[in-house]
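# Secondary and tertiary structure notes
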Amino acid sequence: MAVCVAVIAKENYPLFIKTIPTDNELKFYYTVHTSLDVVEEKISSVGKNTNELRELYLGLLYPTEDYKVYGYVTNTKVKFVIVVESINSSLRDNEIRSMFRKLHNAYVDMVCNPFYTPGENITSQKFENVVMSMMHD
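If you're wondering where the values come from, they're calculated on a predicted model, not measured in any experiment.

Moving on to the pattern of salt bridges. Evaluated as defined, the whole model comprises five salt bridges. Residue Glu128 pairs with Lys18 through a salt bridge whose shortest N-O separation is 2.8 Å. Of the two residues, Glu128 is situated in helix α3 (residues 125-136) and Lys18 in strand β2 (residues 14-19); the sequence distance between them amounts to 110 residues. The class for Lys18 is partly exposed, based on a relative accessible area of 23%. One salt bridge in this structure joins Glu95 and Arg92, with 4.0 Å as the shortest N-O distance.

Encoded structure:
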């Protein structure tokens, strides 16, 4: 399913990035980094209308020739980015939403750990197992 999953801090530095083809890891870092501009644009455009409730799921940020990049922002401005292959056209919007819900729940469980300091890189094995299960489904 997913080929890259990233968790980006409020200040736009990566807390966690996992890629499946590790030989293209730098390419995915670049893809995630460039998607942050689109995320910021979508967040600021929603913020202009105060009557509208902010949707956490940002949807398709942008497609590339090989991949589709999806975004999600938590209430604390932590960003989740999932990159899927473009050839995987059977993946529906509700499946992407459920992947983000699963990732968000794993993130919340990890942040609730009293030994985790917010803003540090994510090293939780349980969180990584959830991410790996999303990549292998």
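If you look at soluble globular proteins, the nonpolar side chains tend to sit buried side by side. In this structure, Val7, Tyr107, Ile122 and Phe127 are the most contacted members of the largest nonpolar core, which totals 27 residues. Elements with a contribution of two residues or more to this core: β1 (2-8), β2, β4 (67-73), β5 (79-85), α2 (93-111) and α3. No other element matches α2, which puts seven residues into this core. Setting aside residues up to four positions removed in sequence, Ile122 forms contacts with Val7, Leu15, Phe16, Tyr107, Met110, Tyr116 and Phe127. Judged by nonpolar contacts, the second largest core, of 18 residues, contains Cys4, Ala6, Leu36 and Tyr62.

Extensive coverage of strand β3 (residues 57-63) is indicated by the burial of five of its seven residues. Two elements, β3 and β4, share five bridges in a ladder whose sense is antiparallel. Each bridged residue has a counterpart across the sheet, and for Leu60 the counterpart in β4 is Tyr70.

What follows is about α2. Taking 1.5 Å per residue, 19 residues should reach 27 Å; α2 reaches 27 Å between its end C-alpha atoms and fits that length. Contact partners of the buried residues in α2: β1, β2, β3, β4, β5 and α3.

The end-to-end C-alpha separation of α3 is 16 Å, in line with the 16 Å expected for 12 residues at 1.5 Å each. Burial in α3 covers these residues: Phe127, Val131, Met134 and Met135. One face of α3 carries all of its buried residues, which in axial projection span an arc of 100°. Exposed residues pointing more than 90 degrees away from the buried face of α3 are listed as Gln125, Lys126 and His136. Of the surrounding secondary structure, the elements contacted by the buried residues of α3 are β1, β2, β5 and α2. Between the side-chain oxygen at the start of α3 and the backbone nitrogen of Lys126 there is a gap of 3.4 Å, and the oxygen is on Ser124.

Calculation rules
- Residues numbered from 1 in each chain as written.
- Predicted model: local features only at pLDDT ≥ 70, side-chain atom pairs only at ≥ 80, totals over all residues.
- Heavy atoms only, no water.
- Salt bridge = Lys/Arg side-chain N within 4 Å of Asp/Glu carboxyl O.
- Helix = DSSP H or I, 4+ residues; strand = E, 2+ residues; numbered from the N terminus.
- Buried < 20%, exposed > 50% of the residue type's maximum accessible area, 1.4 Å probe, protein only.
- Core = buried A, V, L, I, M, F, W, Y, C linked by side-chain atoms within 4.5 Å.
- Contact = heavy atoms within 4.5 Å.
- Pairing = 2+ DSSP bridges.
- Expected span 1.5 Å × (residues − 1).
- Arc of directions from axis to C-beta.
- Polar contact = N/O pair within 3.5 Å; in protein donor to acceptor, adjacent residues only side chain to side chain.

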